[in-house]
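# Summary of structural features
Chain by chain, the residues:
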Amino acid sequence: MRGLIPIGGWTVLMVGACLSVSLAEATPIYRSVDSQGNVTYSDRPGGDQVEVAPVNTVPSRPAPAPRETAANEAASGAGEPEASTFTPYERLRIAAPTNESTLSTGAAGDTQVSVALSPELREGHRLRLVVDDEVRQQPPQQATTFSLTGLERGEHTLRVELVDAEGRVRQRSAPVTLYVQRASVYLPANPNNPRNSGNP
């Protein structure tokens, strides 16, 4: 019966899914010699059956895991060394106006914002002023002084952002609260009152 091979007096049942030897070992081999002395081996009956010794097999090693591609390395952050090597400035704050100061009526909502920065700006870095979460300085500048004009009456929040050459925010100053006093345009003493223009 095919699949049953006598080996040293023992009979081994060969199951296709569990074979660890080649198909040749599971098939009887016959040796025959013709009239000219040529030896032929075949799996077809004829001649003498030959016992085939077991074939030594070596299990294959598992394939090594593929190395990360350049795209994977970039996705994991390896392609952005600048983002991970940024060194914050020792000092970045709004020096004037001071926190919770009041801009008087006579200023008409205009003021200068001075920034204290240490050390000096590095190459490619710029500053921009943000008022009430709205960027007021575009494009960012190297100067450490900003001019603010026409601030409405009431409370405002100021802060400075440091951005790199790609426009990414690298560092922010602590917020400063500024109170603005402005007289109503309709007050008789306000020079912007339409009644003071000389027109009837």
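Above: the structure in question.
Rules used in this analysis
Residues numbered from 1 in each chain as written. Predicted model: local features only at pLDDT ≥ 70, side-chain atom pairs only at ≥ 80, totals over all residues. Heavy atoms only, no water. Buried < 20%, exposed > 50% of the residue type's maximum accessible area, 1.4 Å probe, protein only. Helix = DSSP H or I, 4+ residues; strand = E, 2+ residues; numbered from the N terminus. Pairing = 2+ DSSP bridges. Salt bridge = Lys/Arg side-chain N within 4 Å of Asp/Glu carboxyl O. Patch = residues over 30% accessible without salt bridge, like charges linked within 9 Å, V, L, I, M, F, W, Y side chains within 5 Å. Areas by Shrake-Rupley, 256 points an atom, 1.4 Å probe, with all protein chains shown as cover. Axes fitted to C-alpha atoms, helices over the stretch in contact; angles between N-to-C directions. Polar contact = N/O pair within 3.5 Å; in protein donor to acceptor, adjacent residues only side chain to side chain. Contact = heavy atoms within 4.5 Å.

Below, the discussion takes up the pairing of strand 9 (residues 126-131). Burial of strand 9 is extensive: five of the six residues sit out of reach of the surface. Note: strand 9 against strand 10 (residues 134-135), two bridges, orientation antiparallel. By the bridge assignment for strand 10, Val130 is matched with Val135. Counting the residues in the hairpin turn of strand 9 and strand 10 gives two residues, including Asp132, whose phi is positive at 55°.

Right, let's get into the pattern of salt bridges. Scanning all chains against the criterion turns up seven salt bridges. Here Glu161 ties to Arg128 by a salt bridge, and the two come within 2.8 Å at their closest N and O atoms. In this pair, Glu161 sits in strand 12 (residues 154-163) while Arg128 sits in strand 9, placing the two residues 33 residues apart along the sequence. Here the two residues Glu161 and Arg128 agree in accessibility, since each one is buried. Note that Glu166 is salt-bridged to Arg168, the shortest N-O span being 3.5 Å.

This brings us to a nonpolar patch on the surface. Among the surface-exposed residues, Val33, Val39 and Tyr41 lie close enough to one another that they form a single nonpolar patch of about 290 Å² accessible area. Here Tyr41 lies in strand 4 (residues 39-42). When its relative accessible area of 54% is taken as the criterion, Tyr41 is described as exposed.

A separate point is the sheet that holds strand 6 (residues 91-96). Think of a sheet as strands paired side by side through backbone hydrogen bonds, with each pair either parallel or antiparallel. Taken together, three strands build an open sheet; the order of strands is 6-8-11 and the sheet is antiparallel. Strands at the two margins of the open sheet, each flanked by one partner only, are strand 6 and strand 11 (145-148). In this sheet, neighbouring strand axes are inclined to one another by 25° on average, regardless of whether the strands run parallel or antiparallel. Across five bridges, strand 6 lies against strand 8 (residues 111-118) in antiparallel orientation. Looking across to strand 8, one finds that Arg91 is bridged to Ser118.

Turning our attention to the sheet that holds strand 5 (residues 48-50). The strand order 4-3-5 describes an open sheet built from three strands, whose pairing is antiparallel. Each edge of the sheet is formed by a strand with only one pairing partner; in this case those strands are strand 4 and strand 5. The average undirected angle you get between the axes of adjacent strands in this sheet is 35°. Bridge analysis of strand 3 (residues 29-33) against strand 5 gives three bridges, and the strand direction is antiparallel. Each residue of the ladder has a partner; that of Arg31, found in strand 5, is Asp48.

Summarising the element assignment, His156 is placed in strand 12. At 2.6 Å, the side chain of His156 and the backbone oxygen of Glu152 are in polar contact. If we skip the residues at most four places from it in the chain, His156 touches Asp132, Leu151, Val176, Thr177, Leu178 and Val180.

On the basis of relative accessible area, Arg128 is assigned to the buried category, the value being 15%. Polar side-chain contacts of Arg128 include one of 2.8 Å to the side chain of Glu161. With sequence-adjacent residues up to four places away left out, Arg128 is seen in contact with Val135, Gln137, Gln138, Pro140, Phe146, Arg159, Val160, Glu161, Val163 and Val169.

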